[in-house]
Amino acid sequence: MTQVSDRPPISVVRAWWGLIRCFPGLYSLTMALRIFVFVGIFQATGLIIRFYFDSLSGSAPLAWGPNAWAAVMLAVALLRNGLIFTDMYVFFRWTFSTAATMRKNLLEHILSRPGARALPSSTGEAISRFREDADEVGNYTVWAVFLLATGIFGAVALITMARINLRVTVFAFMPLLLVVAVANLARARVQQYREANRSAAGDVTGFIGEMFEHVQAVQVAGAEESMLAQFEGLNESRRKNALRDRLFNEVLNSTFHNVASVGMGLILLLAGAALRDGSFTIGDFSLFAYYMTFVTNMINTIGVFFARWKQAGVSIDRMERLLQGAQPTALVRKTPIHLSGPLPPAQEGSHVGTEPLQTLTVSGLTYRFPDSEKGIVDVDLRLERGSFTVVTGRIGAGKTTLLRVLLGLLPPESGTVHWNGRLIHEPATFFVPPVSAYIAQTPSLFSESLRENILLGLDADDGEVAQAVRAAALESDLEQFENGLETVVGPRGVRLSGGQRQRAAAARMFIRQAALLVCDDLSSALDVETEQQLWERLFARQDATYLVVSHRRPLLRRADQIVVFKSGRVEDVGRLEPLLERCAEMRSLWEGRVLEEDE
Amino acid sequence: MRPTLQLYWRLLVRYLRPQLGQTLLLLLILCINILLQLINPLIMRRFLDSALAGGAMELLTRLALLFIGIAAVQQVASVGSTVLAENVGWRATNALRRDLARHCLRLDLTFHQQHTPGEMIERIDGDINALTRFFAQLVVQLFGNGLLLIGVLAVLLREDLRVGAAMGTFAVITLLVLGRLRNLAVPHWQRSREASARFFGFVEERLAGTEDIRASNARAFTLFRFHQLLRTFWRTTIRAELLGFSMINIAWFLFSVGGAVAFVMGASLYFSGALTIGTVYLIFHYANLISQPIERIAQEFEQFQRAGAGIARIQELFATESRLAETPAAVGEGEFAQGRAGPAGALAVEFEQVRFAYPTDAPPEETTAGLGQFALDGFQLRLEPNEVLGLLGRTGSGKTTLARLLLRLYDVDSGRVLVAGRDVRRWPLQQLRAQVGMVTQNVQLFQASIRDNLTFFDRSVPDARIWEAIDTLGLTEWYASLGDGLDAQLQIGSGGLSVGESQLVAFTRIFLRNPGVIVLDEASSRLDPATEAFLERAVTRLLSSRTGILIAHRLSTVQRADRIVIVENGEIREQGARGALAADPASHYYRLLQLGIEDMGVEELGMEELSAGEPDR
């Protein structure tokens, strides 16, 4: 089973390469456009300025007057605008697509994890990874293009300047290189600050998510102000982190800018004599000044690039933690994102070649929650076709855990599950409809219509839906809904009552026509009559096998076998009467009181 | 909704006023920064003219060194202003975040049922993040660059009136064009942000429902919806991005026009002998220099557009009013105005001719989604202080609605709900909710320490009080088993507390608050009988000096009730003393008892009814 491994994280370069492989055309296009703009257009602009000033002082190589150069400059500017606009589209398409690819890969991977343990942290925190970190990595790849384009531009500029005046070039641009080296060393701390900043931001979003997820509890408790105080504290800590991050970056950036001004001053110092004797024209001076800003930008770009590199590293690291030990390249796996054209089908490929259930055997199943004593230990269980099994026990005894581990929603530590004597290697992919269907204790609904919540992409006609709704004893509620099945149930189904949610989940289970029905305390949100109705309809299904967690006496009486859980272990198995005679735990559960000597 | 300048201004004044000192310091540093930026080109002009005229080397060297020195000081000022602006921005937006969060927390449940937590993250954090830049950069960029622009034009006018006038005209035209385009992209940004909120809201909700998605084999469907929303997200975003970018593009072209104008004018004035070549270079340099502030101002307009979309959405959120507006009378009255009143002991509760239907309004995509909840109509019920009422009824019969009305999560349409003889609408909301406590079946826990979960992050509650409550409940051992005492972190989801255990936390929460009325809404439905029994003593203790409403569909839960009320379709079907009803074979309660699980003597009957539809086996 999947374990969180200590695999080294995917490197930034590999992630970059992975993304390029996803969209090679887009990336080459953005690179080609940018290089052309920098090397073609921006070089030309510098030369036009130089020719203009030289045409003033009469030392121009071409006989064109200053007005002609003004006209050329406008023409070049028009061309530049057209190119940059195209470049922007490609750029946005690239950053959006790469971020979308990572987001999809993350979601797909999380959905393939054991369902009950899919996330290592709160959903609010996970969302911050989906939102900011995916963008960060996408942006970083663009800076790489910037770096290349400005690098080529810088090389051309240096050669041009060296040919005009080697001495000025060397002395004015030398200190730049030195400062770059020093400043880039200092950027090692960027990652540290960035990480702190990001995690403070994650705390804020995580808290907002929880605050509004649990808004009813907060309101009922009248705890708005204490929640806000906590929120303010988190905001304040984020401000401090953001400020430190910003100050550090700003000092570095400013160092680069300062170097440009100093460089400009050095040009003045060195070129003074040459300007006096006419070996260095005013046109040459204007070209040097023009290049100076560009070369500074280039150096700045290098700096930003390395900062982004490290930030991207932080982001990749955080996203990988969501992947919890998958193949490191899973994050940038090539996958279609369907920004246009027909969408892929909404239905999973059907389960093929599963023989009908005869016996389901569980042996030695063990699962312990990390950092806690809890879980289940060494559980044996046998379900016969058409039988009705009730799992019972007090809270925290491990009943829900058993269901989850059996269905592959939690990864077992040890133990096996056999279907008709055949070993099931991957319960998570095996125990899905039509083999089994499951209703969790608190089922999740999504803010879609009731119909969509029941179908979840299943292809079924109205008749089948109506049947499932009836089977789930939901039809009288449905009559009350103005929009019937099209009723939108609100975020996480909050517009339905607890019982309605559970029965909607039951309808979701029924419509899947599964052979093995697994219910976790189906009745806890239902009243006696509704529950009775529901069970009647459940039992009306021929040939189904049931595994149910419940404390209800009628169900315990009806059970073909009762599995009594205590502290994560099976205490006893059997029909009700013999259990009541021989099992003290069963007696105390049945009578609804805890015997002193038991505890 | 088109955000006006006035709206920006109001926001700015409101959130910058508390930091007047810092803001003024920021402005001062900015002015120094701008002054230095204006001076350096003048030095360069002097240098060029002296050098070309064959001036003394010593003078040239001094000018060059002065140039370097001023540049260095200017950089320091620049760092200072950026960091200060960032600080001001964060403080302002944090205050805004707090205000918005407070507003939203107070909105009634109708609002929250229409907005996912993911969407709230996007609205409170995402939208305001866009504003952070607005606050951080607005002062620096708009004020600073505006000043720089004016300074450059002033210097140019002093050099040559014609050049100054031409450059001034150019600057005004450029700004006007850009200003015209300002609001073009706002609606697009708004749409883009909405699509983004829906997209991330979707992802958040699915991440919280992985168990059901897996077990229902709905991965392909989830990805299908993911792609649908992603596509909308892309289409709205690219439209907004490109529109915003067109503006910058237009600005760039206009600068080239400005540069060309400077070229042409400079050349003609130079040839006529009005200007030195150093001054031509100065004009060219300043023409570039003003393109910088204009571009920044244009960029700021673009940020305005983004922020505008955010502000519009924030404004919309602020404008959403709770249906539970506090009546002035409630706030004014003395006895309630002084903080939380101490335990007032058991309070009477009365429902007087209550009529209520759940609101059916919703955002456009959900407008027709009237959920057919049972409306209460003419509902009448009175509880004396200390009375414990068992409220029975089918799911959706209106039991929970009564509890919600009592806590004023909704307001009645007509009639009155009275607590201690006072209409709940006339209670200050905080007071009411301090006096009426409720435990629901879904306990909402935070990923935080036990202490924070019990006190809702209220750090002023002393540990001793918390332990006392735990002791009273007889849960000391259970809490101790979590390790780390009150500092133990609760893990949400699997590996953490079971649903039943969460109930224990909820019980402790309510013990701590010590209300006069307690509503247990199916509170024990998730507990196994053994654990339920374990809580008996505590519940007894809790109800002993309080008025209690036990909402249940499990009959064992209402065993401690003095009186039973059975609700159906929003009306009372039957009520009476519990003992009397249980003894009356004609009562509905009696029939429920037979059906249910209480009495060993009638189990055969219960079984028969329950297995009515069972196939022969």
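Fair warning: this is a prediction, and the values are worked out from it, not measured in the lab.

Basis of the calculations
Residues numbered from 1 in each chain as written. Chains lettered and ligands numbered in written order. Predicted model: local features only at pLDDT ≥ 70, side-chain atom pairs only at ≥ 80, totals over all residues. Helix = DSSP H or I, 4+ residues; strand = E, 2+ residues; numbered from the N terminus. Buried ≥ 20, exposed ≤ 12 C-beta atoms within 10 Å, placed from the backbone. Contact = placed C-beta atoms within 7 Å. Rg over C-alpha atoms; globule rule 2.2 N^0.38 Å. Pairing = 2+ DSSP bridges. Axes fitted to C-alpha atoms, helices over the stretch in contact; angles between N-to-C directions. Nonpolar A, V, L, I, M, F, W, Y, C, P; charged D, E, K, R; others polar. Core = buried A, V, L, I, M, F, W, Y, C linked by C-beta atoms within 7 Å. Domains from an automatic or database assignment. pLDDT = per-residue confidence, 0-100. Parallel < 35°, antiparallel > 145°, perpendicular 65-115°, else oblique. Left-handed = near helix turned anticlockwise from the far one by under 90°.

Caption draft 1: Representation of the overall build of chain B. When you go through chain B residue by residue, the secondary structure sums to 22 helices and ten strands. Going through the 617 residues of chain B one by one, you find that 51% of them count as buried. Taking all contacts inside chain B whose residues are at least 6 apart in sequence as the whole, residues at least 24 apart take part in 79%.

Caption draft 2: Representation of the overall build of chain A in the model. Scanning chain A for helices and strands turns up 19 helices and ten strands. Compactness check: chain A gives a C-alpha radius of gyration of 34 Å against a globular reference of 25 Å for 599 residues, more than 25% above the reference. For chain A, the C-alpha atoms occupy an extent of roughly 115 × 55 × 50 Å along the three principal directions. If you take every contact in chain A between residues at least 6 apart in sequence, the share linking residues at least 24 apart comes to 79%.

Caption draft 3: Region of interest: the sheet that holds strand β2 (residues 376–383) of chain B. Residues and elements named next belong to chain B. In space, the four strands of this open sheet follow the order β2-β1-β4-β5, with antiparallel pairing throughout. Sheet topology places β2 and β5 (422–423) at the edges, where each strand pairs with a single neighbour. Of the strand pairs in this sheet, strand β1 (residues 349–356) and β2 are connected by five bridges, and their pairing is antiparallel. Looking at the pairing, Val349 lines up with Leu383 of β2. Sheet strands touched by helix α13 (residues 399–406): β1, β2 and β4 (414–419). Its angle to β1, the strand with the most contacts, is close to 110°.

Caption draft 4: Layout of the environment of Phe96 of chain A. Relative to the elements of secondary structure, Phe96 of chain A occurs in helix α3 (residues 66–112). When the C-alpha positions of Phe96 of chain A and Leu268 of chain A are compared, they lie 45 Å apart, and in sequence the two are 172 residues distant. Every residue in contact with Phe96 of chain A, bar those within four places of it in the chain, is listed here: Trp234 and Thr237 of chain B.

Caption draft 5: Molecular detail of the interface of chain A and chain B. Each side of the interface is counted separately: chain A has 161 residues, and chain B has 150 residues. In terms of residue count, the dominant contributor to the side of chain A that touches chain B is helix α8 (residues 224–277) of chain A (29 residues). A per-class count over the side of chain A that touches chain B returns 80 nonpolar, 49 polar and 32 charged.

Caption draft 6: Spotlight on the nonpolar core. With 340 residues, the main nonpolar core has Ala472 and Ala507 of chain A together with Val519 and Leu550 of chain B as its most contacted residues. Element by element, the count of residues in this core is highest for helix α9 (residues 282–323) of chain A, at 20 residues. When near neighbours in sequence (up to four residues on either side) are disregarded, Ala507 of chain A contacts Ile454, Ala468, Val469, Ala471, Ala472 and Leu474 of chain A.

Caption draft 7: Structural context of the domain arrangement of chain A. All names here are of chain A. Domain boundaries assigned for chain A yield domain 1 (12–332) and domain 2 (359–598). Opposite the four residues of domain 1 that make contact, domain 2 presents six residues. Residues of the side of domain 1 that touches domain 2, tallied by class, amount to two nonpolar, one polar and one charged.

Caption draft 8: Looking closely at the pairing of strand β4 (residues 414–419) of chain A. All names here are of chain A. Bridge count between strand β1 (residues 359–368) and β4: five bridges; the pairing is antiparallel. Bridge pairing in β4 links Thr361 to His418. The sheet contact formed by β4 and strand β5 (residues 422–423) spans two bridges and is antiparallel. Pairing of Trp419 across the sheet is with Arg422, part of β5. Between β4 and β5, which follow one another and run antiparallel, lie two residues, and Asn420 among them has a positive phi close to 50°.

Caption draft 9: Quick look at the pairing of strand β10 (residues 569–574) of chain A. All names here are of chain A. Across five bridges, the pairing between strand β9 (residues 561–566) and β10 is antiparallel. Its bridge partner lying in β10, Lys566 is registered against Arg569. Between the end of β9 and the start of β10, which pair antiparallel, lie two residues, with Ser567 showing a positive phi angle near 50°.

Caption draft 10: Structural detail: the sheet that holds strand β10 (residues 571–577) of chain B. All names here are of chain B. If you walk across this open sheet you meet the six strands as β6-β7-β8-β3-β9-β10, and the pairing is mixed. Among the strands making up the open sheet, the edge pair consists of β6 (436–439) and β10. Strand-to-strand, the axes of this sheet are offset by a mean angle of 15°, without reference to chain direction. In terms of strand pairing, strand β3 (residues 388–393) meets strand β9 (residues 563–568) through five bridges, oriented parallel. Bridge assignment links Leu391 to a residue of β9, and that residue is Val565.

Caption draft 11: Spatial organisation of unusual backbone geometry. Cis geometry marks the peptide bond from Pro433 of chain A to Pro434 of chain A; its omega dihedral reads 5°. The topology assignment puts Pro434 of chain A in the loop between α11 (427–430) and β6 (436–439). Positive phi outside glycine occurs at His338 of chain A, with the angle close to 50°. Position of His338 of chain A relative to the elements: it lies in the loop between α9 and β1. Here His338 of chain A falls in the partly exposed class, since 19 other C-beta atoms lie within 10 Å of it. We note that Phe456 of chain B has phi near 55°; this positive angle belongs to a residue other than glycine.

Caption draft 12: Just the confidence of the model for chain B, in detail. Residues and elements named next belong to chain B. Per-chain confidence: chain B averages 79 in pLDDT, with 82% of residues scoring 70 or above. Predicted confidence is poor over residues 328–343, with pLDDT under 50, and the contacts of this stretch with residues over four places away or in other chains come to 13 contacts. Segment residues 361–374: pLDDT under 50, and 28 contacts once partners within four positions in sequence are set aside and those in other chains are kept. Among the prediction metrics, the complex's ipTM stands at 0.84, with pTM recorded as 0.71.

Caption draft 13: Quick look at α13 of chain B. All names here are of chain B. For α13, the tally of buried residues reaches eight of eight residues, placing the bulk of the element in the interior. Every buried residue of α13 is accounted for by Lys399, Thr400, Thr401, Leu402, Ala403, Arg404, Leu405 and Leu406. Two residues or fewer after α13 comes Arg408, characterised by a positive phi angle close to 60°.

Caption draft 14: The packing of helix α6 (residues 161–181) of chain B against helix α9 (residues 219–271) of chain B, seen in detail. Residues and elements named next belong to chain B. Where α6 meets α9, the closest approach of the two axes is 10 Å, and the angle between their N-to-C directions is 170°. For the element pair α6 / α9, the angle class is roughly antiparallel. In this structure, α6 contributes Arg162, Val163, Ala166, Phe170, Thr174, Val177, Leu178 and Leu181 to the contact, and α9 contributes Met247, Ile250, Ala251, Leu254, Gly258, Val261 and Met265. Among the residues making up the contact of α6 with α9, the classes are represented as twelve nonpolar, two polar and one charged.

Caption draft 15: Structural context of the packing of helix α2 (residues 24–57) of chain A against α9 of chain A. Residue and element names in this part refer to chain A. Between α2 and α9, the shortest axis-to-axis distance is 7 Å and the interhelical angle comes to 155°. Accordingly, the angle class assigned to the pair α2 and α9 is roughly antiparallel. Helix-helix and strand crossings are classified by hand; for α2 and α9 the assignment is right-handed. Packed against α2, whose contacting residues are Phe42, Gly46, Ile49, Arg50, Phe51, Phe53, Asp54 and Ser57, the element α9 presents Ile282, Gly283, Asp284, Ser286, Leu287, Tyr290, Tyr291 and Phe294 at the interface. Looking at side-chain class alone, the contact of α2 with α9 contains nine nonpolar, four polar and three charged residues.

Caption draft 16: Quick look at the environment of Glu194 of chain B. Looking at the secondary structure, you find Glu194 of chain B in helix α7 (residues 186–208). For the pair Glu194 of chain B and Ser291 of chain B, spaced 97 residues apart in sequence, the C-alpha to C-alpha distance is 34 Å.

Caption draft 17: Inspection of the confidence of the model for chain A at higher detail. Residues and elements named next belong to chain A. Chain-level statistics for chain A give a pLDDT mean of 84 and a share of 93% at 70 or above. pLDDT under 50 marks residues 1–7. Its contacts with residues more than four places away, or in other chains, come to ten contacts. The model gives residues 593–599 a pLDDT under 50, and that stretch makes ten contacts with residues more than four places away or in other chains.

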